[in-house]
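# A structural walkthrough
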Number of protein chains: 2
Amino acid sequence: NGSDKLLGGLLASGFNEESCLSRYQSVLYRKPSPYKPSPYLVSKLRNYEMLHKRCGPGTESYKKALKQLDQEHIDGNGECKYVVWVSFSGLGNRILSLASVFLYALLTNRVLLVDRGKDMDDLFCEPFPGMSWLLPLDFPMTDQFDGLNQKSSRCYGDIVKNEAMDTEKTFSYLYLHLVHDYGDHDKMFFCEGDQNLIGKVPWLIVKTDNYFVPSLWLIPGFEDELNKLFPQKATVFHHLGRYLFHPTNQVWGLVTRYYEAYLSHADEKIGIQVRVFDVGAGPFQHVMDQISSCTQKEKLLPEVDTLVERSRQVKTPKHKAVLVTSLSSGYSENLKSMYWEYPTSTGEIIGVHQPSQEGYQQTEKKMHNGKALAEIYLLSLTDNLVTSAWSTFGYVAQGLGGLKPWILYKPENRTAPDPACGRAMSMEPCFHAPPFYDCKAKTGIDTGKLVPHVRHCEDMSWGLKLV
Amino acid sequence: NGSDKLLGGLLASGFNEESCLSRYQSVLYRKPSPYKPSPYLVSKLRNYEMLHKRCGPGTESYKKALKQLDQEHIDGNGECKYVVWVSFSGLGNRILSLASVFLYALLTNRVLLVDRGKDMDDLFCEPFPGMSWLLPLDFPMTDQFDGLNQKSSRCYGDIVKNEAMDTEKTFSYLYLHLVHDYGDHDKMFFCEGDQNLIGKVPWLIVKTDNYFVPSLWLIPGFEDELNKLFPQKATVFHHLGRYLFHPTNQVWGLVTRYYEAYLSHADEKIGIQVRVFDVGAGPFQHVMDQISSCTQKEKLLPEVDTLVERSRQVKTPKHKAVLVTSLSSGYSENLKSMYWEYPTSTGEIIGVHQPSQEGYQQTEKKMHNGKALAEIYLLSLTDNLVTSAWSTFGYVAQGLGGLKPWILYKPENRTAPDPACGRAMSMEPCFHAPPFYDCKAKTGIDTGKLVPHVRHCEDMSWGLKLV
Ligand SMILES: Nc1nc2c(ncn2[C@@H]2O[C@H](COP(=O)(O)OP(=O)(O)O)[C@@H](O)[C@H]2O)c(=O)[nH]1
Ligand SMILES: Nc1nc2c(ncn2[C@@H]2O[C@H](COP(=O)(O)OP(=O)(O)O)[C@@H](O)[C@H]2O)c(=O)[nH]1
C-alpha cells in the first residue's frame, strides 16, 4: 500500500528513505487515519518547505539575517524572518511546544529553527526536504538559551511592562517567554495588536513548554487562515505531529522491534499511559484501583473471575495486548498478575507488556528519551488508549495516533476519583496555561467560553483545548 | 487429535475430565513425544492402579494394615504393603523424589501414599483412577513426619548401624532416611540383601529429596524388571512424570493463560531456567554473560548488532519467544533490553517473557508453589531448553518436556565457566547423592563406571544419571 505512505500528501516525497525509515514506514504500523489533511494545509506545507529551503541555515538570506542580530534595531526589511524554538522541559512538552511554534511560523511566514538541546537531533529526523531545521551550533545566542527568563533583556513581556516598545523602531530580536510560569505581560503575545508589533521583528527566540495552539485560534488575525488550514479543527496536532516528528532510525528500531515482538500478533491493542504526579515512590494502590476500574467499566478490558478455578473455554478467544507505559513497573506487574492468576469472564486472552521501567524521570540520559519517544509512538499505535490527566506524554500519543483517549482523572488525596476516567472530547492536547484576557476590552474573560471549538479541558478545568 | 490424549496408553482413561483439565489437555500444548511407553510399562501401570484401588485409603486392607502399626513387629503377612512419601524440600526435589518412590513402589508391589504436606493436593490432581493417593489426614504418624531424621527410632540406617535387625522378626514399619545428608548405613538401602529384609515390612516411611532412580538400576534384583519397563532407559522420569504429575485446574489455568498470552504465537519457544545458588542478591553480571554466551554460541538465540542503527529487513522474520524463569527479574530484563535496544544479526524477532519474579524462595506460600509448578510446566512446553546446573527445577522441566537441555555449568568464584554450557547426554534427572559402595565386595566403588547406562552427570561430577 505505497499509495498512502505520504499520508494524504502531508509528507513531502523525495526524501532518502534509508536515512529515516520511520518517515515512510509508519504507514505499515498504523491503521489509516480517518482524518485527511486539507489541500490548503498540504500546499501551505509545500510553500513552507520552499521558504525554509530559501532561508535556512547557510543560505545567503540566513547570513544576512544573522548580521542583524549585532544591532539593537534593524534598518530596512530582511528577506527572511525566523522563530527559534528553544529546547526546554520534558519530551512530551517539547513535542507539543515545537508543534505550536511551527504552526506560529506557518501563520506568520517565519522560518522555524530548532535548538537541538541535549538530544533533539538524536530523537527526530529532519522534517523539511533539502534543508535542516536545526539551529546551527555556532548561532551566537545559543549559550544564553538556558538562562533565558522573564527578566532577560528583550523579553517581550518585560518590554511591555516597562512600556519600552518604540513603535518607530524595530528590534533585531525579541525573546518570547511562554513558559507555564509566565505573567500577564508575557501573555500579551496572544493579542492581535501585539502580534502586529512582534511581526516585524526578524528574530524571535521562544521558550515554552506549552501547547498554545488553542489560544492562536482566538487571535482574530489568524482565524481565517486556521479555518482554511484545519477545517476539522481538532486535527491540528494530529497533522502537524505526523508531519514534523519522525523518529530517527535508532528510535524507530525500538518502536518496530517492540511492536513485532510483543504487540503485532494481538487482535486488539490497548495502551495505558500511567503518569503519577504524586510525590513518593509508587506504585500506589489507588492508582491501581483506578486503572482496573476504568478499563473494566469502559469495557476496554474484561473482568476476572476470582471464584471459578478454570478458564472459560472459548473456541477462538480474542487476544488483547495491553501496552503499559510508566516510570514505575508496579502498575503493569499488578495488571499482568491479575490476568495471569485469574481467568477473564469473557474468555479473552490478555497479555500485558511494559517496554521500559526507568524508575524516575531522567531527562538528560540519551537512551532514556529515545525509549520515552519509542513508548509514546507505541502508544499511538494502539487501538484504544487510556491516558493520565495532565500528562503531555499522553497527549502526544493520542494526537499522533488519532485517538480520543479515556482520561484517568487526577486523583486527589491519594484517592481514586469516581468515575475513574472519561472519554476525551477530542484528540487534541490541552493548553495548560492559557491567557484569560480580552485584548480589546482590556479585562479578564473566560477564554474557554468564547467560541464553541475552544473549550476547557476534560482533565484541567482552566486549560483550553480544540474540539 | 483425541487419539493420543492418553499418551500412548500411559494414562488411564475414564477420569472425569472437568475435575482435572490438564490430564487430557496437555496433549494440546505439547509436541507429541518421540518416546513411547513400553507395553510392559503400560500393563504394569494398569496393574498398579488395581492394586492401589484394592489397598488404598479406606479399604478393608488399608484398615487392617493400619492396625499393624500399633505393634512393633507384625505377625503373618498382610495383603497390602505401603510406602509413604513424606513431603519434604523444594518443589523440584519433591517431584523427583516422589517419582522415585513411585518407581520403587512399582518394583516392590507396594502402594504409594502421599503425605500432602502444605500443598501437594493444591498442586496435583489424583493420578490413579478411583482411589486417592493422598495419605489420610488421620494417619497416626503424620505429626512425626517433620521430625523424622537419622536419629529417629526405626530409621533403617540406624538399625543397621546398631545391628539391631532381627531377621526372625519383621518390623511393622521402617523409616528410610534418603535425604542428601544421609550416611553410609542409610545407603545400605541400595543393597540387594537389605532390600530383601526391607521388602517384608508392611509400612515404609520415606523421606528423601533425591531422584534415586539411577541407583535402583544397580540393584541386581530390579534390573530385569527395569529393562522390561524401560527399554529406552533414559525415559524413566519422562514417562513416570507425565503419568503422575497433572497440575490442578488452578495451576493449569496459570499454565494455559500464560501460554496463550505470551508464547503460543511464536515460531519457536526457548526456555531458560536460571537458578543461582550463589549467596547475595542477584542479578550477577557473570550469570548474565553466561546466558548470552551460551544461547548465542549454541545458536539458540541470535547475536545483536550493536553498530548498525537500523533493523535488518527480512521478509518474514522468525519470531522466537524466550521464556525465562528465575527468582530474580534481572536476567530476563537484561535479555529483554538487549533484544529491544539492538537489532538481531539474523533479523529474527525476539520476545522475552518471565512469568513470576518472586524474589526469593518462599516454599510456604500457596500461590508461590502454584506459580513455580506452572513455570516448570511452561518450560517443559518449549522447543529448546537451557537449564541451570544442580537444579531439580530444571530437571523436572526437561523430563516432562522430553528435552535434552543445554546445561549452564556452575560458575565458580563468580566467574562464568568456559564453555558456558553443554548439551545434556539425556533428559533424565541427576541423582545428587548416590551411594559409592559395592554391596558384594563391601568396599567403595565408582558406581558411575559399572554399566554404560548409569553415568556421572554433566553438571555434578559425583552425581549419577541414566543415559
Ligand atoms: N520511558 C518513559 N519515560 C517516561 C514515562 N513517563 C514519563 N517519562 C519521563 O518523564 C518525562 C515527562 O515529561 P513529559 O514528556 O513532558 O511528560 P509529562 O510530564 O507527563 O507532561 C518524559 O519525557 C520521560 O523522560 C513513561 O511512561 N515512559
Ligand atoms: N516461581 C519460581 N520459583 C522458583 C524458581 N526457581 C526456584 N524457585 C523456588 O525455589 C524452589 C527451589 O526448590 P526446587 O524446586 O527443589 O529446585 P532446586 O532448589 O533448584 O533444585 C522452588 O520450589 C520454588 O519455590 C523459578 O524460576 N520460579
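To be clear, the structure that these remarks concern was listed above.
Please read all numbers here as calculations on a predicted model, not as lab measurements. Sequence order as written defines the numbering, with residues in each chain counted from 1. To label them, take the chains in the order written and letter them from A, then take the ligands in the order written and number them from 1. Local features are withheld for residues below a pLDDT of 70 in this predicted model, meaning they are given only at 70 or higher, and side-chain atom pairs are given and counted only at 80 or more; totals for whole chains, interfaces and linings count all residues. Think of the side-chain values as coming from all heavy atoms in the structure, minus any hydrogens and water.

### Things to note about the site of ligand 1
All names here are of chain A. To be explicit about the condition: The nearness test applies per residue and asks whether one of its heavy atoms lies within 4 Å of the molecule or strand. Polar contact is the term for a pair of N or O atoms within 3.5 Å; when the atoms are in protein, one must be able to donate a hydrogen and the other to accept it, and sequence-neighboring residues count only if both atoms are side-chain atoms. Surface accessibility in these figures is a Shrake-Rupley result with a 1.4 Å probe; residues are shielded only by whichever protein chains are displayed. Secondary structure elements follow DSSP: runs of H or I of four or more residues count as helices, runs of E of two or more count as strands, with numbering from the N terminus. Under the scheme applied, nonpolar residues are Ala, Val, Leu, Ile, Met, Phe, Trp, Tyr, Cys and Pro; charged residues are Asp, Glu, Lys and Arg; polar residues are all the others, including Gly.
In the region of ligand 1, 18 residues are neighbours, and Gly92, Asn93, Arg275, Ser391 and Thr392 sit closest. Contact between ligand 1 and Arg275: an oxygen atom at 2.5 Å from a side-chain N or O atom of the residue. One of the side-chain nitrogen or oxygen atoms of Thr392 is found 2.6 Å away from an oxygen atom of ligand 1. In the complex, 97% of the free accessible area of ligand 1, which totals 550 Å², lies under the protein chains. At the level of elements, helix H4 (91-108), strand E6 (319-326), helix H14 (366-380) and helix H15 (392-401) are the ones that each hand at least two residues to the shell around ligand 1. Looking at the shell around ligand 1 element by element, the count peaks at four residues for H14. For the shell around ligand 1, the class distribution of residues is five nonpolar, eleven polar and two charged.

### Side note on the site of ligand 2
Residue and element names in this part refer to chain B. Surrounding ligand 2, one finds 18 residues, the nearest of these being Gly92, Asn93, Arg275, Ser391 and Thr392. The contact in question runs from a nitrogen atom of ligand 2 to an N or O atom on the side chain of Glu375, over 2.9 Å. Here an oxygen atom of ligand 2 sits 2.6 Å away from a polar atom, N or O, in the side chain of Thr392. Alone, ligand 2 offers 560 Å² of accessible surface; in the complex the protein occludes 97% of this.

### A few points about the relation of the copies chain A and chain B
To keep things clear, this is the line we draw: Least squares is the method for superposing the copies, and the C-alpha atoms it fits come from residues with pLDDT of at least 70 in both. Whether two residues are in contact is decided by their heavy atoms: any pair within 4.5 Å suffices.
With an RMSD of 0.1 Å, the fit of chain A onto chain B corresponds to turning through 180 degrees and sliding 0.1 Å along the axis. Both chain copies can therefore be described as sitting about a two-fold axis. The C-alpha atom lying nearest the rotation axis in chain A is that of His265 of chain A; the distance is 3.6 Å. The overlap is high: 100% of the interface residues of chain A also sit at the interface in chain B, so the same surface is used on both sides.

### Quick word on the side chain of His286 of chain A
All names here are of chain A. With respect to the helices, strands and loops of the structure, His286 is situated in helix H12 (residues 285-297). Looking at His286, its side chain comes within polar contact range of the side chain of Asp278, at 3.4 Å. A polar side-chain atom of His286 sits 3.5 Å from the main-chain carbonyl oxygen of Arg414. Apart from residues no more than four positions distant in its own chain, His286 is found in contact with Asp278, Pro411, Arg414, Thr415 and Ala416.

### Focus: the sheet that holds strand E5 (residues 268-274) of chain A
To keep it simple, the criterion reads: Two strands qualify as a pair provided that DSSP identifies no fewer than 2 bridges between them. Axis definition: a line fitted to C-alpha atoms, over the contacting stretch in the case of helices. Angles run 0 to 180 degrees between N-to-C directions.
Overall, mixed pairing links the six strands, which are arranged E7-E6-E5-E8-E9-E10 (chain A) in an open sheet. Whereas interior strands pair on both sides, the edge strands pair on one side only; in this sheet they are strand E7 (349-353) and strand E10 (421-423) of chain A. Averaged over all pairs of adjacent strands, the angle between strand axes in this sheet comes to 20 degrees, irrespective of strand direction. Examined bridge by bridge, strand E9 (residues 406-408) of chain A and E10 of chain A share three bridges and lie antiparallel to one another. For Leu408 of chain A, the partnering residue across the bridge sits in E10 of chain A and is Cys421 of chain A. Strand contacts of helix H13 (residues 330-341) of chain A: E5, E6 and E7 of chain A, with the helix running at about 160 degrees to E7 of chain A, the strand carrying the most contacts. Contacts from helix H11 (residues 249-263) of chain B reach E6 and E7 of chain A within the one sheet, and its direction differs from that of E7 of chain A by about 60 degrees.

### As for the pattern of salt bridges
Residue and element names in this part refer to chain B. Applicable threshold: Salt bridges are identified by distance alone: a Lys or Arg side-chain nitrogen within 4 Å of an Asp or Glu carboxyl oxygen. When accessible area is computed with a 1.4 Å probe and restricted to protein chains, residues below 20% of their type maximum are described as buried, those above 50% as exposed, and intermediate ones as partly exposed.
Summed over the entire model, instances satisfying the criterion amount to 28 salt bridges over all chains. Linking Lys318 and Glu268 is a salt bridge whose minimum nitrogen-to-oxygen distance equals 2.8 Å. Here the residue Lys318 occupies a position in the loop between helix H12 (285-297) and strand E6 (319-326), and Glu268 occupies one in strand E5 (residues 268-274), the gap between them amounting to 50 residues. We classify Lys318 as partly exposed; its relative accessible area is 36%. Among the salt bridges present, the one from Asp418 reaches Lys297, with a minimum N-O distance of 3.7 Å. On the criterion of sequence distance, the pair formed by Asp418 in the loop between strand E9 (406-408) and strand E10 (421-423) and Lys297 in helix H12 is long-range, its members being 121 residues apart. The pair Asp418 / Lys297 is uniform in exposure class, with both members exposed.

### Quick word on the state of the cysteines
Residues and elements named next belong to chain A. Using the following cut-off: Disulfides are defined as pairs of cysteine sulfur atoms found within 2.5 Å of each other.
Counted by the stated rule, this structure contains ten disulfides over all chains. Disulfide pairing places Cys55 opposite Cys80 at an S-S distance of 2.1 Å. Between Cys55 and Cys80 the sulfur-sulfur dihedral comes to about -70 degrees; the bridge is accordingly left-handed. A residue pair is termed long-range when its members are at least 10 positions apart, and Cys55 in helix H2 (residues 39-55) and Cys80 in the loop between helix H3 (60-68) and strand E1 (82-85) qualify at 25 residues. Neither Cys55 nor Cys80 differs from the other in exposure class; each is buried. Between the sulfur of Cys294 and that of Cys421 lies a disulfide, 2.1 Å long from S to S. Where Cys294 bonds to Cys421 through sulfur, the torsion about that S-S bond is close to 85 degrees, and the disulfide is right-handed. Residue Cys294 is located in helix H12, and its partner Cys421 is located in strand E10; the two are separated by 127 residues in the primary sequence. Exposure class is identical for Cys294 and Cys421. Each is buried. Note on Cys155: no disulfide assigned, nearest cysteine sulfur contributed by Cys191 at a separation of 15 Å. According to the relative accessible area criterion, Cys155 is buried, its value standing at 0%.

### Some details on the sheet that holds strand E2 (residues 111-114) of chain B
All names here are of chain B. Read from one edge to the other, the open sheet built from four strands follows the order E2-E1-E4-E3, with strand pairing classed as parallel. For this open sheet the edge positions go to E2 and strand E3 (173-178), each flanked by a neighbour on one side alone. Recorded for the sheet is a direction-independent mean angle of 25 degrees between the axes of neighbouring strands. When strand E1 (residues 82-85) meets E2, the two strands line up parallel, connected through four bridges. When the bridges of E2 are listed, Val83 appears paired with Leu112. Each of E1 and E2 is contacted by helix H2 (residues 39-55), which is oriented at about 65 degrees to E2, the strand it contacts most. Here helix H3 (residues 60-68) sits on the sheet in contact with E1, E2 and strand E4 (203-208), set at roughly 80 degrees to E4.

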